[in-house]
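Residues per chain are reported as follows:
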Amino acid sequence: MTHHPNYIGGEWVAAEAHVPNVNPSDTDDIVGEYALADASQARAAIAAARQAFPAWAALSSQRRFEYLDQIGSLLIARKHELGMLLAREQGKTLSNAMFEVERAGYTFKFFAGECLRMQGDHVASLRPGIDIDVTREPLGVIGVITPWNFPIGIPVWKIAPALAYGNCVVFKPPELVPACGWELARIIHEVGLPHGVFNLVVGKGRVVGEAMTTSPDVNGISFTGSVAVGRQIGLAAMQSGKKVQLEMGGKNPMVVLDDANVDLAADAALDAAFYFTGQRCTASSRLIVTDAIHDRFVAALRERMRRITVGHALDPATMIGPVVSEAQLAQNLEYLDVGKREGARLVEGGELLERPTKGYYMSPALFVDTANGMRINREEIFGPVAAVIRVRDYEEALHLANDTEFGLASSICTSSQKHAAHFRRYSQAGLVMVNLPTAGFEYHVPFGGTKASSYGSREQGRYAQEFFTTVKTSYMRPI
Ligand code: NAD
């Protein structure tokens, strides 16, 4: 079995220990053995990034554009090969995995363009004979820490802007799914990015992640993951004086009103609650449905759920792959018990499934007769489990949609312009959808949430520059 080393200062650096990357569709299939870095390797990566920073920040924007554009082209050209790897290590279907890789390629291309679009302001001074310029400068060294659900998509939407705006990067992928991050490092090496500008250190959060979040030589941390870890990272970053951007959990509501198109609503709920095995931070886990459409909506959704095929990620017939790991599967099953104990009625799915290969398979689960106060409606499950909450009218639906500590995504299905417009204005979420699933977004516009879901400035699109740059105001008296 090939050992995959770390990538530090332009060199492939072996680690003392390794972690097997297990295919959740077939636990006999080991995708590879990946380095488990120690803290000294994390420190070496940070030092390499520091050293590379002045030259990278001073490089012409044309050259930076070329590097990023080339990385994007290679990702797109290899979408099938990398999609296969992604599907094997994470368990999402091959078509979804290929889409994620291709999207990562286009994200690099978008931020390649950003290298050329950097602007500042020339401002009139209050005093005669003085010029004021407001410009953006890179932060320095950025630590990128990511979760297991989008092994290439999420890292790229942080790494591409970090590099575009002139920063150097130390990237720690999750040790559960490091293969795609490792392949990204290989592509970056291939295009010849100057040594140290990008570094990869695979390892545990408590070791590599903490070395990054506590180091005084890291200027910013861009993190996506759970609320608990995000808050720890926020505190550590604050104590060591760095900028921090945290994208965390969700408990996203989809509201279905009496006047909704029931087929459209059931399709949207099926997609957002169960596709990608429910392992999306933007998944719809609370389906808030008004009285008159409730039974028709539940029947339409159940009928669609019964047609879902759960199977091996590489099987073309599969619509939903396995759960990512044994621990996550155990957590999903535990929440099914919690829901039943709380009095919710499980009307569909929630069974362990056997398939020709040994994997973490379960059927998507639907609860009805649930209350918004139940744990299954308060806590993020992060699996293919959704709960229906019956309400009287739009006002109660909006109230319950907002009655959560989270605020990432929300959706409403309705044919009423009035309710749609009101929801867009008053839904307390960073992403609001009308007649669309809560999940599914585009890379050229900002992404992020409110309340406990996010902290710091937005990711993606041009808004990404808020985090990855700092603003300088310079005054000059020409003589
Ligand atoms: P996690 O918080 O357990 O881990 C995320 C990353 O943090 C991993 O790389 C992990 O190794 C690292 N880490 C863990 N402890 C650390 C520490 N003490 N210091 C530094 N780094 C540490 O999350 P997960 O289980 O990988 O992912 C699932 C979570 O991610 C869910 O809560 C989900 O909602 C969230 N998520 C959010 C978004 C978003 O954009 N809002 C997107 C995807 C996933």
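Residues numbered from 1 in each chain as written. Predicted model: local features only at pLDDT ≥ 70, side-chain atom pairs only at ≥ 80, totals over all residues. Heavy atoms only, no water.

**Q** Explain the overall build of the protein chain to me, please; I cannot follow it from the model alone.
**A** The number of helices and strands found in the protein chain is 15 helices and 23 strands. Against the compact-globule benchmark of 23 Å for 479 residues, the protein chain has a radius of gyration of 23 Å, which places it among compact chains. Along the three orthogonal principal directions, the C-alpha set of the protein chain runs to about 75 × 65 × 40 Å. Burial statistics for the protein chain: of 479 residues in total, 58% are counted as buried. In the protein chain, the share of contacts with a sequence separation of at least 24, taken over all contacts with a separation of at least 6, comes to 73%. Taken as a whole, the protein chain presents about 19,100 Å² of accessible surface, with 53% of it coming from carbon and sulfur. (Helix = DSSP H or I, 4+ residues; strand = E, 2+ residues; numbered from the N terminus. Rg over C-alpha atoms; globule rule 2.2 N^0.38 Å. Buried < 20%, exposed > 50% of the residue type's maximum accessible area, 1.4 Å probe, protein only. Contact = heavy atoms within 4.5 Å. Areas by Shrake-Rupley, 256 points an atom, 1.4 Å probe, with all protein chains shown as cover.)

**Q** Please clarify how unusual backbone geometry should be interpreted in this entry.
**A** The general pattern is negative phi for most residues beyond glycine and trans for most peptide bonds. Even without glycine at this site, Asp369 takes up a positive phi of about 55°. Structurally, Asp369 can be placed in the loop between strand S16 (365-368) and helix H12 (375-378). Given the relative accessible area of 43%, Asp369 is considered partly exposed. Despite not being glycine, Lys451 has its phi angle at roughly 50°, a positive value. Along the chain, the position of Lys451 falls in strand S21 (residues 450-451).

**Q** How should I be thinking about the domain arrangement of the protein chain in this particular structure?
**A** Size of an interface, as often reported, equals the accessible area lost when the parts are brought together. When cut into domains, the protein chain gives domain 1 (3-248 + 453-476) and domain 2 (252-434). Computed from C-alpha coordinates alone, the two centres of domain 1 and domain 2 are separated by 31 Å. With 25 residues of domain 1 at the contact, the number on the domain 2 side is 26 residues. Carbon and sulfur atoms make up 61% of the surface buried where domain 1 meets domain 2, a total of about 2,100 Å² over both sides. (Domains from an automatic or database assignment. Buried area = accessible area lost by both parts, 1.4 Å probe.)

**Q** Can you walk me through the sheet that holds strand S7 (residues 131-138) in this structure?
**A** Either a parallel or an antiparallel arrangement is found when strands of a sheet pair, and the pairing is made through backbone hydrogen bonds. Ordered by their spatial adjacency, three strands build an open sheet running S6-S7-S23, and the pairing between neighbours is antiparallel. With one partner strand each, in any of the chains shown, strand S6 (121-124) and strand S23 (469-476) form the two edges of the open sheet. If you compare each strand with its neighbour and ignore which way they point, the axes differ by 25° on average. Where S6 and S7 come together, four bridges link them in antiparallel fashion. If you follow Ala124 over to S7, its bridge partner there is Asp131. (Pairing = 2+ DSSP bridges. Axes fitted to C-alpha atoms, helices over the stretch in contact; angles between N-to-C directions.)

**Q** Explain the sheet that holds strand S4 (residues 17-22) here, please?
**A** The three strands are arranged S1-S5-S4 in an open sheet whose pairing can be described as mixed. Only two strands of the sheet have a single neighbouring strand rather than two, namely strand S1 (3-4) and S4. With six bridges joining them, S4 and strand S5 (residues 30-36) adopt antiparallel strand pairing. Within the sheet, the bridge partner assigned to Ala17 lies in S5 and is Leu36. Along the sheet, helix H3 (residues 79-90) contacts S4 and S5; its crossing angle with S5, the most-contacted strand, is approximately 80°.

**Q** Looking at this structure, how should I read the packing of helix H1 (residues 39-58) against helix H7 (residues 205-214)?
**A** When two helices pack together, their arrangement is captured by the angle between the axes and the distance separating the axes. Across the interface, H1 lies against H7 with an axial gap of 8 Å and an inter-helix angle of 40°. By crossing handedness, the relation of H1 to H7 is classed as right-handed. For the pair H1 and H7, the contacting residues are Ala39, Ala42 and Ile46 in the first and Val207, Val208, Ala211 and Met212 in the second. When the residues that make up the contact of H1 with H7 are grouped by side-chain class, the tally is seven nonpolar, no polar and no charged. (Left-handed = near helix turned anticlockwise from the far one by under 90°. Nonpolar A, V, L, I, M, F, W, Y, C, P; charged D, E, K, R; others polar.)

**Q** How do you make sense of the environment of Ile30 when you look at a structure like this?
**A** Mapped onto the elements of the fold, Ile30 is located in strand S5. Judged by its relative accessible area of 28%, Ile30 is partly exposed. For the pair Ile30 and Arg88, spaced 58 residues apart in the sequence, the C-alpha separation amounts to 9.1 Å.

**Q** How do you make sense of the site of the ligand when you look at a structure like this?
**A** Residues in close proximity to the ligand total 27 residues, the closest being Thr146, Ser226, Met248, Cys281 and Glu380. At 3.3 Å from a nitrogen atom of the ligand is found a side-chain nitrogen or oxygen belonging to Gln232. Interatomic distance of 2.6 Å between a backbone N/O atom of Met248 and a nitrogen atom of the ligand. Residue assignment for the shell around the ligand shows that the elements contributing at least two residues are H7, strand S11 (220-224) and helix H8 (227-239). Residues that form the shell around the ligand fall into these classes: 13 nonpolar, nine polar and five charged. In terms of domain composition, the shell around the ligand takes at least three residues from each of domain 1 (3-248 + 453-476) and domain 2 (252-434). (Near = heavy atom within 4 Å. Polar contact = N/O pair within 3.5 Å; in protein donor to acceptor, adjacent residues only side chain to side chain.)

**Q** What am I meant to see in the packing of aromatic side chains here?
**A** The geometry of an aromatic ring pair comes down to the distance between the two centres and the angle between the two planes. Evaluated as defined, the whole model comprises 14 aromatic pairs. Ring geometry for Phe111 versus Tyr165: centroids 6.4 Å apart, planes at 80°, classification edge-to-face. With Phe111 in helix H4 (residues 94-117) and Tyr165 in the loop between helix H5 (153-164) and strand S9 (168-172), this residue pair connects regions lying 54 residues apart in the sequence. The two residues Phe111 and Tyr165 agree in class, both being buried. Measuring from centroid to centroid gives 6.4 Å for Phe171 and Phe198, while their planes differ by 45°, and the two rings are tilted. In this pair, Phe171 is assigned in strand S9 and Phe198 in strand S10 (residues 198-200), connecting sequence segments 27 residues apart. This pair shows no difference in class: Phe171 is buried, exactly as Phe198 is. Each member of the aromatic cluster is reached from another via a ring pair, and the members are Tyr7, Trp12, Phe171, Trp182 and Phe198. Note that Arg117 overlies the ring of Phe110, its terminal NZ or CZ placed 5.5 Å from the centroid. When the ring centre of Tyr426 is taken as reference, the NZ or CZ atom of Arg425 above it lies at 4.7 Å. (Phe/Tyr/Trp six-rings, centres within 6.5 Å; stacked < 30°, edge-to-face > 60°. Lys NZ or Arg CZ within 6 Å of the ring centre and 35° of its normal.)

**Q** How should I be thinking about helix H9 (residues 262-274) in this particular structure?
**A** Owing to its 3.6 residues per turn, the α-helix aligns residues three or four sequence positions apart on the same side. For H9, built from 13 residues, the straight-helix expectation of 18 Å at 1.5 Å per residue is met to within 8% by its first-to-last C-alpha distance of 18 Å. Among all positions of H9, only Val262, Ala265, Ala266, Ala268, Ala269, Leu270, Ala272, Ala273 and Phe274 are buried. N-cap assignment for H9: the residue whose side-chain oxygen lies 3.0 Å from the backbone N of Asp263 is Asn261. (Expected span 1.5 Å × (residues − 1).)

**Q** Any chance you could explain empty space enclosed by the protein here in plain terms?
**A** It is a probe the size of a water molecule, rolled over the atoms, that shows where empty space is left. Enumeration according to the criterion identifies two cavities of 30 Å³ or more in this entry. Put simply, the largest cavity is a space of about 90 Å³. The wall of the largest cavity is formed by 15 residues, among which Gly278, Arg280, Ala283, Ser285 and Phe382 lie closest to the centre. For the lining of the largest cavity, the class distribution of residues is six nonpolar, six polar and three charged. In this structure, the second largest cavity spans a volume of roughly 70 Å³. Pro253, Ala401, Phe406, Gly407 and Gln428 are the residues nearest the centre of the second largest cavity, which is lined by 14 residues in total. Elements with a contribution of two residues or more to the lining of the second largest cavity: strand S13 (252-256), helix H13 (394-402), strand S18 (406-407) and strand S19 (409-413). When its residues are assigned to classes, the lining of the second largest cavity shows six nonpolar, seven polar and one charged. (1 Å grid on protein atoms, 1.4 Å probe; cavity = no way out; pocket = protein on both sides within 12 Å on 5 of 7 lines; lining within 4 Å. Points joined across faces, edges and corners; volume = space filled by probe spheres on them.)

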